Amino acid sequence: MTLEEKRAWIRLVVAVAAYGGYAAVVLSQAGGRPLAETPYGAALLGSVGAAIAAAIVIEIVVNALDRQTSLVKDERDREIGRLGDHVGQSFVVIGGVAAMLMAIADWEQFWIANVVYLCFVLSAILGNVTKVIVYRRSLPQW
């Protein structure tokens, strides 16, 4: 398994875990009141920060434990990375447009922030799943 494939797996797992943790915290704090009235800012920022830190630490530990993996990126790694990023970016655009429309419609800040966060997570998931699939199979020939 290449270094870039390991990174894709790590980022995929971390994104799912961080968002799952965030959702669990927010839902547990709701306590029967509407979700839009639930405090979410600290949990959102904490989960994003924890995800970034966890991905960095896990990548360092995995690389330290497996010295046989090459740190060199070849053309295939670059193409797979580019493909995964392009596929994942669709959800960033969807989240931006959705947030803009929700703001125009005067939706609660809770919903706007959560749609943006969900789309960032879906972008990470979709992009990294794409990378893993292509690493396991082959690059599509256009």
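Rules used in this analysis
- Residues numbered from 1 in each chain as written.
- Predicted model: local features only at pLDDT ≥ 70, side-chain atom pairs only at ≥ 80, totals over all residues.
- Heavy atoms only, no water.
- Helix = DSSP H or I, 4+ residues; strand = E, 2+ residues; numbered from the N terminus.
- Buried < 20%, exposed > 50% of the residue type's maximum accessible area, 1.4 Å probe, protein only.
- Areas by Shrake-Rupley, 256 points an atom, 1.4 Å probe, with all protein chains shown as cover.
- Lys, Arg positive; Asp, Glu negative; His and termini not counted.
- Charge placed at Lys NZ, Arg CZ, Asp CG, Glu CD.
- UniProt positions renumbered as here; feature names shortened; annotations may be inferred.
- Core = buried A, V, L, I, M, F, W, Y, C linked by side-chain atoms within 4.5 Å.
- Contact = heavy atoms within 4.5 Å.
- Axes fitted to C-alpha atoms, helices over the stretch in contact; angles between N-to-C directions.
- Parallel < 35°, antiparallel > 145°, perpendicular 65-115°, else oblique.
- Left-handed = near helix turned anticlockwise from the far one by under 90°.
- Nonpolar A, V, L, I, M, F, W, Y, C, P; charged D, E, K, R; others polar.
- Phe/Tyr/Trp six-rings, centres within 6.5 Å; stacked < 30°, edge-to-face > 60°.

## Details of the overall build of the protein chain
At step 1: Looking only at helices and strands, the protein chain features 4 helices and 0 strands.
At step 2: Each helix and strand of the protein chain, ordered N terminal to C terminal, gives the series α-α-α-α.
At step 3: On the principal axes, the C-alpha backbone points of the protein chain span a range of 50 × 35 × 20 Å.
At step 4: When the 142 residues of the protein chain are sorted by exposure, 32% land in the buried category.
At step 5: Of the roughly 8,700 Å² that the protein chain leaves accessible, carbon and sulfur atoms contribute 67%.
At step 6: Averaging the locations of the 12 positively and 12 negatively charged side chains of the protein chain gives two centres separated by 7 Å.

## What about the UniProt feature "transmembrane region" (unreviewed entry) in the protein chain?
At step 1: In the numbering used here, UniProt assigns the feature "transmembrane region" (unreviewed entry) to residues 12–30, 42–65, 86–105 and 111–134.
At step 2: The span residues 12–30 shows a helical share of 100% and a strand share of 0%, and its end C-alpha atoms are spaced 27 Å apart.
At step 3: Here residues 86–105 is 95% helix and 0% strand, with 29 Å between the C-alpha atoms at its ends.

## Describing the nonpolar core
At step 1: In terms of nonpolar packing, the biggest core is built from 13 residues, with V14, Y22, V26, Y40, L44 and Y117 touching the most fellow members.
At step 2: Every element with two or more residues in this core is listed here: α1 (3–30), α2 (41–65) and α4 (109–136).
At step 3: At 5 residues, α1 tops the list of elements feeding residues into this core.
At step 4: Each residue touching Y117, except ones within four places of it in the same chain, is listed here: A18, Y19, Y22, L44, S47 and V48.

## Focus on the packing of helix α3 (residues 75–104) against α4
At step 1: As a packed pair, α3 and α4 sit with axes 8 Å apart at the nearest point and diverge in direction by 160°. Of the possible angle classes, the one that applies to α3 and α4 is roughly antiparallel. The two elements α3 and α4 cross, and the hand of that crossing is right-handed.
At step 2: For the contact of α3 with α4, the class distribution of residues is 20 nonpolar, 9 polar and 4 charged.

## Considerations on the environment of Q68
At step 1: Here Q68 shows up in the loop between α2 and α3.
At step 2: C-alpha separation for the pair Q68 and D85, spaced 17 residues apart in sequence, amounts to 26 Å.

## A word on the environment of E5
At step 1: Along the polypeptide, E5 turns up in helix α1.
At step 2: Residue classification places E5 among the buried positions, given a relative accessible area of 6%.
At step 3: Residues in contact with E5, not counting those within four places in the same chain, are Y135 and R136.

## Considerations on the side chain of N128
At step 1: Within the element layout of this structure, N128 appears in helix α4.
At step 2: Take N128: its relative accessible area is 7%, and that puts it in the buried class.

## Considerations on the packing of aromatic side chains
At step 1: Evaluated as defined, the whole model comprises 5 aromatic pairs.
At step 2: Residues F110 and W111 carry aromatic rings whose centres are separated by 4.8 Å and whose planes lie at 90° to one another, so their mutual orientation is edge-to-face.
At step 3: With relative accessibility at 4%, the residue F110 sits in the buried group.
At step 4: One aromatic cluster is present, formed by Y19, Y22 and Y117 through successive ring pairs.

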